[in-house]
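What follows is each chain in one-letter form.
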Amino acid sequence: LPNQILRKNKLISLDEALRYIHFSESLNQLNSAIERLKFDEHFFFQLILALRKKSFQNSKTKRFIDIGPYFRKVSNIIDFNLTNAQKRVIQEIHLDMKRNFPMNRLIQGDVGSGKTIVAILTSAIAVGNNVQVSIMAPTEILATQHYQSFKSYLDNAKITCALLTGKMKLSERKLILNGLEKGNIDVIIGTHAIIQPDITFKNLGLIIIDEQHRFGVKQRASLQEKGENPHTLSMTATPIPRTLSITYNGDMDLSLIDELPKNRIPITTKVIEPGRINKVYQFIRKEISQKKQCIIVYPLVEESKSSDLAAAEEAYKELSSIQFHNFEVGLLHGKMGSDDKKKIINQFENNDISILIS
């Protein structure tokens, strides 16, 4: 590193750092060696990200100059007021998409802050500028939920929307593949199935990735390669260290939805000692008798997924036969077939199941 950088940051030379890290004669020498080596590591990491962003900005892409004919049609049927944070984020996104290099933006916001409606309105802008949109979600359940949300709004604007998952029938899949290639499908929502090699788009211009941290760099890149430098919008409710470091160091631009919609019921979080679990069961029974619902989640904490599944299945047997024998109890887990999952989710949605164990 040049001397002026060393002086400005009060750093020792690399030669000294390498000596002191192994053979330091004092704590001062050791600390100054650690600081120099950490500085280098962080500096070069930032440099790589800065170069990556620069190369991104040297790529030419289609500009979405105006909001197009569909944005108003979709926004007019929203039966609630967008928060100021949502409006600000939509403006940030549109400013990005007006430029002649691809957007690479991350939306971070808590569950319930309204990321999905922002993604729907962004899709309406993209389709209004004559490109296709691809939305990738990590699970079939989430992809299906997104599909239902998107379709309920986009149908009103006559925007065609389809769902693609790995477990679809071959005949259905062929129809969708054909529709994407010919440009008859404007918006496709799906799981990893979207990045399969046989999927081609007529004109992919916007990629939306939900739960961004659940996908690898290569998976996201393979989706981007299906268009000519498409704009990319990632979403997460989980500001994990890697996501934070990417945005902090400048590889992605960050938009925060830091405001929850009004009139939301406040969330209460409590930690209960095991000895008081019967009080919790009592509370659940009281709430369910008033037509409310409950979800009991067994998190993946063991090294072996099978032991976690066994814990959930064991709890299901015990709770449904003893604690909650008077109520409808359902079990939902990843090893279940697609149809069984849908059936359980629909039953829970319609309140035919009061307690869901997962």
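Computed from a predicted model, the values in this text were never measured in an experiment.

Definitions and cut-offs
Residues numbered from 1 in each chain as written. Predicted model: local features only at pLDDT ≥ 70, side-chain atom pairs only at ≥ 80, totals over all residues. Heavy atoms only, no water. Buried < 20%, exposed > 50% of the residue type's maximum accessible area, 1.4 Å probe, protein only. Helix = DSSP H or I, 4+ residues; strand = E, 2+ residues; numbered from the N terminus. Pairing = 2+ DSSP bridges. Expected span 1.5 Å × (residues − 1). Phe/Tyr/Trp six-rings, centres within 6.5 Å; stacked < 30°, edge-to-face > 60°. Axes fitted to C-alpha atoms, helices over the stretch in contact; angles between N-to-C directions. Contact = heavy atoms within 4.5 Å. Right-handed = clockwise from strand over helix to strand, strands pointing away. pLDDT = per-residue confidence, 0-100.

Some details on the pairing of strand E5 (residues 204–210)
Counting buried positions along E5 yields seven of seven residues, so the element is predominantly enclosed. Here strand E2 (residues 132–136) pairs with E5 via five bridges, running parallel. The residue of E5 that forms the bridge with Ser-134 is Ile-207. Bridging between E5 and strand E6 (residues 231–236) involves five bridges; their strand directions are parallel. By the bridge assignment, Ile-209 is partnered in E6 with Ser-234.

Observations regarding helix H7 (residues 140–154)
End to end, H7 covers 20 Å across 15 residues, agreeing with the expected 21 Å (1.5 Å per residue, within 8%). Among the residues making up H7, those that are buried are Glu-140, Leu-142, Ala-143, Thr-144, His-146, Tyr-147, Phe-150, Tyr-153 and Leu-154.

Some points on the packing of aromatic side chains
Enumeration according to the criterion identifies three aromatic pairs in this entry. For the ring pair Phe-39 and Phe-43, a centre distance of 5.9 Å and an interplane angle of 10° mean the geometry is stacked. In this pair, Phe-39 and Phe-43 are both assigned in helix H3 (residues 27–58), four residues apart and thus about one turn of the helix distant. When its relative accessible area of 26% is taken as the criterion, Phe-43 is described as partly exposed. Summarising the aromatic geometry, the rings of Phe-43 and Phe-44 are spaced 5.4 Å apart at their centres and angled 85° between planes, so their arrangement reads as edge-to-face. Judged by its relative accessible area of 40%, Phe-44 falls in the partly exposed class. The structure contains a cluster of three or more aromatic residues connected by ring pairs, namely Phe-39, Phe-43 and Phe-44.

A short note on the sheet that holds E5
Pairing is parallel across the open sheet formed by seven strands, whose spatial order is E3-E4-E2-E5-E6-E1-E7. Each edge of the open sheet carries a strand with a single partner, namely strand E3 (161–164) and strand E7 (253–257). Taken over all neighbouring pairs, the strand axes of this sheet differ in orientation by 20° on average, direction set aside. Both E3 and strand E4 (residues 187–190) contribute to a ladder of four bridges, which runs parallel. The residue bridging Leu-163 from the neighbouring strand is Ile-189, located in E4. Contacting strand E1 (104–109), E2, E4, E5, E6 and E7, helix H6 (residues 115–128) runs over the sheet at an angle of about 175° to E5.

Points about helix H8 (residues 170–182)
Taking 1.5 Å of rise per residue, 13 residues should cover 18 Å, and H8 covers 18 Å from first to last C-alpha, within 8% of that figure. Buried residues belonging to H8 abut E2, E3 and E4.

Focus: the pairing of E3
Here E3 shows a buried face lined by Cys-161 and Leu-163 and a second buried face lined by Ala-162 and Leu-164. Where the polypeptide runs from E3 across H8 and back to E4, its parallel neighbour, the crossover connection is right-handed.

Re the confidence of the model for the chain
Confidence in the prediction for the chain averages 89 pLDDT; 94% of positions are at 70 or higher. Across the chain, the secondary-structure element scoring lowest on mean pLDDT is helix H10 (residues 241–248), at 65, and the one scoring highest is helix H2 (residues 14–23), at 97.

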